[in-house]
Amino acid sequence: MFIPRFYSQDMKYDVAIIGSGIVGLSTAFHLSEKHSDLKIAVIDKFHTFAQGNTGKSAAGFRDVFSSDTSFKLSSSSIRFYDHVQKILGIDLGMKHVGYLFLMDNDSGSDVMEEIGRKTKIEEVDLDALESMGISIKPDTEVKEAMGLEDIHRAYLAHNAGIMEPDKIAAFYHSQCVNRNIEFLFDTEVQSLNLVPKKPLNYPGEPFIWQDKTIGSIKTSRGEISADTFILATDVWTNFLTDPVGIDSHIRPKKRQLFKIRNEFIEDVVGKKVLATESFPFTVFPKGVYVRPSPGEKTFWAGVADDIGRDFSFVEDPEAEPQFYTYNVYQVLQAYMKPITSASITGMWAGYYSYNTIDGNPYIFRDLNLIVATGTSGSGIMKGDAIGRVVAALYDGEEKAKLYDGMRINTADLGVKNRKVEEEKLVL
Ligand SMILES: Cc1cc2nc3c(=O)[nH]c(=O)nc-3n(C[C@H](O)[C@H](O)[C@H](O)COP(=O)(O)OP(=O)(O)OC[C@H]3O[C@@H](n4cnc5c(N)ncnc54)[C@H](O)[C@@H]3O)c2cc1C
């Protein structure tokens, strides 16, 4: 029988990080790298780490982003993960299979040309797509009925591919355990307790004229105190920040993935095509993508649908097979006929914590609370850098130094003095 342990009233930490997804883990790791003496706890409602959206992602990585901020966050994180895998010899499941972008309009091509000044992107000869089962000209009736266009350009991004987020999370977790960071799993944080810094013990405190602080958090296992609280709670952030009047500026957007398989996929998924070691992560017109999973011999198909997809939230979202059939599949089969007979062998759904204004993360401080959310569908490939920015913000540093030496102004990702360009490539 599982008997929950209740926390004693004197549980007090220097830093309590809520959330053990990639953001919470990377933050804990980088904080402990800077301050080996800090008493840190990582708290999660799930029974272990990486059970939230980190475990539900399409597990793709790329440094192909239109905004400089996204580029810096992703390229430095990719370089760090490469270091862990290649130099430290810890397998993170990273495979540089590339991202192939199939363009049906000039504005998309312009964005690619611009990004090509920052990272290696190569224009691919359209004839080469045939060997991948891709037809650049959908059938005329299909094109007319669906309003599709011919593919007229294709770009292969090289610093991109697939990875295994559970392995990245396990790497950070083991490093944290070695540094004596405490993990409090099966512990739901129910509220942030806003209190006056100098309590007078009148009912109704804190009053507007009192200086305030988050004194403790109420959890399913008792109260926990800390000097600083860090919310790495992704799409759940608003549940904790709304009641204390802090706006986290994100909205939930449901995202789904469908594993598909047939003989064609089994055959092509691990094949060396174009310049990559196996089939690349491929983005079709209308944003529909297939993520190769060579080990399983499947494709994972998905799309970041926008208008028409509401902002509602349920704790355990389910994938909708009819969404695949009437949306994702229709686009795929128009451009990739051999997948027509593929069947769904698995599916799941999660959420993007979506920054609907500029598609970049929010990392800000209010009182003794630091919030890191709004990863907008690319939190794993940016996870290492986000942890470094949070650690720099904790130290009050103006600039965070990323793994590759690039620097980023911590305030740029905040709210009040935010300075980031809109990210056009949220997939
Ligand atoms: C379908 C899909 C595809 C995606 N594809 C990609 C991709 O290809 N590449 C990529 O980089 N990113 C991708 N993402 C996005 C990526 O998964 C997220 O950006 C990333 O996982 C966010 O990490 P996180 O640590 O902020 O959140 P999470 O991993 O969700 O972690 C948040 C944690 O906080 C905990 N928590 C929340 N509230 C409480 C509370 N009150 N008390 C206790 N614990 C709490 C949760 O239990 C959870 O473990 C995808 C996401 C989805 C859904």
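Whatever comes next refers back to the structure up there.
Here we summarise the structure given alongside this text. A quick note: this is a predicted structure, and the numbers were derived from the prediction, not measured.

Rules and cut-offs
Residues numbered from 1 in each chain as written. Predicted model: local features only at pLDDT ≥ 70, side-chain atom pairs only at ≥ 80, totals over all residues. Heavy atoms only, no water. Patch = residues over 30% accessible without salt bridge, like charges linked within 9 Å, V, L, I, M, F, W, Y side chains within 5 Å. Areas by Shrake-Rupley, 256 points an atom, 1.4 Å probe, with all protein chains shown as cover. Salt bridge = Lys/Arg side-chain N within 4 Å of Asp/Glu carboxyl O. Helix = DSSP H or I, 4+ residues; strand = E, 2+ residues; numbered from the N terminus. Buried < 20%, exposed > 50% of the residue type's maximum accessible area, 1.4 Å probe, protein only. Polar contact = N/O pair within 3.5 Å; in protein donor to acceptor, adjacent residues only side chain to side chain. Near = heavy atom within 4 Å. 1 Å grid on protein atoms, 1.4 Å probe; cavity = no way out; pocket = protein on both sides within 12 Å on 5 of 7 lines; lining within 4 Å. Points joined across faces, edges and corners; volume = space filled by probe spheres on them. Nonpolar A, V, L, I, M, F, W, Y, C, P; charged D, E, K, R; others polar.

Looking now at a nonpolar patch on the surface. On the surface, L200, Y202, I208 and W209 cluster together to form a nonpolar patch covering roughly 560 Å² of accessible area. Mapped onto the fold, W209 is located in the loop between β9 (189–196) and β10 (212–219). A relative accessible area of 58% places W209 in the exposed class.

Moving on: the side chain of S353. Locating S353 in the fold gives a position in strand β16 (residues 343–354). Residue S353 is classed as buried on the basis of its relative accessible area of 1%. Of the polar contacts made by the side chain of S353, one reaches the backbone nitrogen of G374; its length is 3.0 Å. A polar contact of 3.2 Å, which involves the side chain of S353, links it to the backbone nitrogen of T375.

As a further point, take unusual backbone geometry. Of note, the amide linkage connecting E205 to P206 takes the cis form, showing an omega dihedral of 0°. Summarising the element assignment, P206 is placed in the loop between β9 and β10. One non-glycine residue, A50, adopts positive backbone phi at about 60°. You can see A50 is positioned in the loop between β2 (40–43) and β3 (60–62). A relative accessible area of 9% means that A50 is categorised as buried. We note that L367 has phi near 55°; this positive angle belongs to a residue other than glycine. With respect to the element layout, L367 can be found in the loop between β17 (362–366) and β18 (369–373).

Around the ligand, 36 residues are found, and the nearest of them are D44, N53, T54, V189 and T375. One of the backbone N or O atoms of G379 is found 2.9 Å from an oxygen atom in the ligand. Backbone polar atom of M381 to an oxygen atom of the ligand: 2.9 Å apart, as the coordinates give it. Surface burial for the ligand is 98%, taken as the share of its 1,000 Å² of free accessible area covered by protein chains.

What follows deals with the layout of surface pockets. Reported here for the second largest pocket is a volume of approximately 690 Å³. Residue lining of the second largest pocket: 30 residues in total, with G287, K424, L425, V426 and L427 positioned closest to the centre. Within the residue set of the lining of the second largest pocket, elements represented by two or more residues are β4 (99–103) and α3 (106–115). With four residues, α3 is the single largest residue contributor to the lining of the second largest pocket. For the lining of the second largest pocket, the per-class residue count stands at 15 nonpolar, seven polar and eight charged.

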